[in-house]
Amino acid sequence: MVEPKLDIERHIKYWQRCLKTLLPTQYTSTDSNRIMLGFFILSALDILGAGPDTFPEKQRKNIRDWVLKCQHPNGGFCGSPNHRFPDSYYVDVGHGKQQMDPASLPATFFAILSLSFVGSFEQIRRDDCLKWLKTLQRDDGSFGEIVTQDGVIEGGRDMRPCYLAAGVRWMLRGDTPLSEKEKGDDIDLEKMVDYIRSGQTYDGGISESFQHEPHAGYSCCAISALSIINRLPHSPSLSGTEPQGLTNIPETIRWLVSRQVGYTVEKGEDEEETKTPAPPVLQGVYENQPSAPTPSLQDEDSVGFNGRCNKKVDTCYAYWVTASLDILGQDKAQLLNTKASRRFLLEHTQHRIGGFGKAPGDPPDIYHSNLGLATLAIMKEPGLKPFDSALCVTKQQKEIIGRLREAALSG
Amino acid sequence: MGKYEGDPEWDDVVPIPQDDGEGALAQIAYTDEYAEAMGYLRAVMAAKEHSERVLDLTEHIISMNAAHYTVWLYRASTIFALNADVEQELSWVNDVALDNQKNYQIWHHRQLLVDHLYPSISSDPNAIRKFAESEVDFMTQMFDEDAKNYHVWSYRQYLVRKLNLFTEAELKSIETLLRIDVRNNSAWSHRFYVVFSDPKYSTPGSHATEYDPKIPDEIIDREIEFSKAATFEAPQNQSPWNYLRGVLRKGGRKLSSQECFAGEFVKIPENGEEDIRSSHALDFLADVWAEEGKVEKADEALRLLGDKYDRIRKNYWDWRRGTLKEEGITKGLAKVELAH
């Protein structure tokens, strides 16, 4: 059979539309995460080889200015200009400035990544940002997303902020050993590792805590965070004394590969009709499962991913699972059914205007379109740049970030 | 003229407009209604105003952008500043939650409200019981829409901790959900938590992946039986298989203690066709046989999985076969060395 092809030009067109035209009103519900949307747009174009390095200088400057406009005067970034007050409102209150609307950790992570595409780190208030980052950490090692003027840490208690904090720290500090003084100003890595380790669940996945259900997104954030701070078992700099973040890698791998779900379209179904999973005869399919497994997978079938046991397939979980295994190293992503996963993305969630939808038949959106593309990049799709799963950017971009950090530090 | 601009009640407020500058990223086609309301929100936040009209304004913004990460906090601080009726707020939040299934902020808001309310009922067991019941009723409504809603389950666990709901009633309510859908993995996870983190008998802080010597044998036995019964109902459902592995680890028991049970679903005769009713049983037995050093049998189980019963994961099963052989060789060499 003929394998489907990724139409690179069509995807570039989709992303240029996202870059240049107003997003539809339905995106209002993501207004507080505009920095994240902006990053996904820049990064997707970079994966496709049409990134901000190809933009005119004027456009690069505008993007840079816009991201910096979201920087909070006390360090960190806000998620959107809607959270940023005019400068005159941030009056001095003795211990820093009036907080107004606080900076957010996700916004800070995505803002720094976005700046890396369009210029330099020199205008990032690095020391303020790192000091603020430390104030987001709770006693149990977890991180919140914001901290209020009164010092109350708010936001979820799960693996996402750990990942974002590890990422911000790496982009601004790097991974060279710190002096004693710098260590005092740093986040507590030991506590963070303890928190992540305690999020492992009885079935091998990772959850927000061991009391909850494991989730592919949280698992990937946990594994990425450990990778960034060199606490996975194969980390080159891991000495014998530092505890690892995961206690049972084979169980984690079993949980990750179990997220693959067979997906077939019923024969004779019109292409434009909504596609429903065919008689679900394979392991992991949620509805109307027969009592016995049937040896039935044909070579033309495709494989999607769910985020939790017995849930439905969704494009973003293809990313969270593939990236997790990729980070676990030694070609672990090859344990997946790459060919059938690729077929699922290209034939079922890729949209004819470019981009990817959440589920088969869905219109494309920025989040799923970026992660669909990133999944293919991890699977080494021809025409896409090699990808760094832990930082969620191309390998080339990761190197650039390292250089920008050094330049800002020596400047 | 906008809703607020034309309203005499808001005459005294000068809205703070949003400054996007040139060439902004991810610009959204805001409605005039949204842009105006956000301008007024910034103005009241700058003035630190906590008033009835702020409650109306925050409600309006939440209806358009429920993921706004500070409007919820500002609303909570306004509720507390006004000493407003928390129960009335909870019932409003119920409606918002039912309309916004995927929103996280609502549940954080709810926790702030409950944390605020709790001291007023904490000394009255009856009041706590009544409150717990009404919360469980609301969660049941949420579960009717989506019984695997992650945020609702997070809140459920918070409530179990807060109100010490390690009770028979809690276990019964999970069983009800599993009777409706035995594949509801969220309910399985919650059961594991309620059973193995019960402060009456568990070791405080014992992780889900650890043996806990303090768990009574009868609890381990009960949970093994629970997962077995569910497995007979749907052998190809992975949830109870995972649960069984988790229970055995908690109880410090070997997988091989359940070899007979897993064997109910796997018949591999010396000659003739095998009869496999669950790929998870085959996986379980592969681990049992590896545990017992029966490498060839384990390898055959893994081969059947990759070639026949779980072909979508063939690469994985082949990898397991590889590690099984490596471990077998290592163990074999160790034996040879000992013999010398």
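Everything numeric in this text was worked out from a predicted model, so none of it was measured.

## Overview of the overall build of chain A
When helices and strands are tallied, chain A shows 14 helices and six strands. Expressed as a percentage of the 411 residues in chain A, the buried residues total 63%. Across chain A, contacts joining residues at least 24 apart in sequence account for 66% of those joining residues at least 6 apart. A total accessible area of about 15600 Å² is found for chain A, and carbon and sulfur atoms account for 51% of it.

## Observations concerning the domain arrangement of chain B
Residue and element names in this part refer to chain B. Each domain of chain B was delimited in the assignment, giving domain 1 (166-247) and domain 2 (254-339). On a C-alpha basis, the centroid separation for the pair domain 1 and domain 2 is 26 Å. Listed per partner, the contact involves eleven residues of domain 1 and 14 residues of domain 2. Around 1200 Å² of area is buried between domain 1 and domain 2 when both sides are counted, 67% of it from carbon and sulfur atoms.

## Section: the nonpolar core
Ranked by internal contacts, the top residues of the largest apolar core, which has 221 residues, are Trp15 and Ile366 of chain A. When residues are assigned to domains, this core turns out to be shared by domain 1 (166-247) and domain 2 (254-339) of chain B, each giving three or more. Excluding its chain neighbours within four sequence positions, the residues that come into contact with Trp15 of chain A are Phe40, Ile41, Ala44, Leu45, Leu48, Ile366, Ser369, Asn370 and Leu373 of chain A. Counting residues in hydrophobic clusters, the runner-up holds six residues, among them Cys78 and Ile146 of chain A together with Tyr69 and Leu73 of chain B.

## A word on the interface of chain A and chain B
Across the boundary between the two partners, chain A contributes 85 residues, which contact 77 residues of chain B. Summed over both sides, the interface between chain A and chain B buries roughly 7300 Å², with carbon and sulfur atoms accounting for 54% of that surface. Linking chain A to chain B there are six salt bridges. One salt bridge in this structure joins Arg254 of chain A and Asp287 of chain B, with 2.7 Å as the shortest N-O distance. For the pair chain A and chain B, the number of links is 43 residue pairs in polar contact (both at pLDDT 80 or more). Breaking the side of chain A that touches chain B down by element, the ones donating at least two residues are helix H2 (34-47), helix H3 (57-69), helix H10 (249-257) and strand S3 (260-263) of chain A. Considering each element in turn, the side of chain A that touches chain B owes the most residues, five residues, to H3 of chain A.

## Considering the pattern of salt bridges
For the coordinates displayed, the defined rule picks out 58 salt bridges over all chains. The partner of Glu175 of chain B in a salt bridge is Arg191 of chain B, and the shortest N-O contact between them spans 3.0 Å. In this pair, Glu175 of chain B is assigned in helix H8 (residues 168-180) and Arg191 of chain B in helix H9 (residues 185-196), connecting sequence segments 16 residues apart. Residue Glu175 of chain B shares its accessibility class with Arg191 of chain B, and that shared class is buried. Arg222 of chain B is the partner of Glu223 of chain B in a salt bridge, and the nearest nitrogen-oxygen pair spans 2.9 Å. What emerges from the salt-bridge pattern is a single network uniting Glu251 and Arg254 of chain A together with Arg245, Arg249, Asp283, Asp287 and Arg320 of chain B.

## Some thoughts on the environment of Phe261 of chain B
Residues and elements named next belong to chain B. Position of Phe261 relative to the elements: it lies in helix H12 (residues 259-263). Residues Phe261 and Gln18, 243 residues apart in the sequence, show an inter-C-alpha distance of 65 Å. What Phe261 contacts, discounting residues up to four positions off in sequence, is Lys228, Thr231, Phe232, Trp241 and Leu244.

Conventions adopted
Residues numbered from 1 in each chain as written. Chains lettered and ligands numbered in written order. Predicted model: local features only at pLDDT ≥ 70, side-chain atom pairs only at ≥ 80, totals over all residues. Heavy atoms only, no water. Helix = DSSP H or I, 4+ residues; strand = E, 2+ residues; numbered from the N terminus. Buried < 20%, exposed > 50% of the residue type's maximum accessible area, 1.4 Å probe, protein only. Contact = heavy atoms within 4.5 Å. Areas by Shrake-Rupley, 256 points an atom, 1.4 Å probe, with all protein chains shown as cover. Domains from an automatic or database assignment. Buried area = accessible area lost by both parts, 1.4 Å probe. Core = buried A, V, L, I, M, F, W, Y, C linked by side-chain atoms within 4.5 Å. Salt bridge = Lys/Arg side-chain N within 4 Å of Asp/Glu carboxyl O. Polar contact = N/O pair within 3.5 Å; in protein donor to acceptor, adjacent residues only side chain to side chain.

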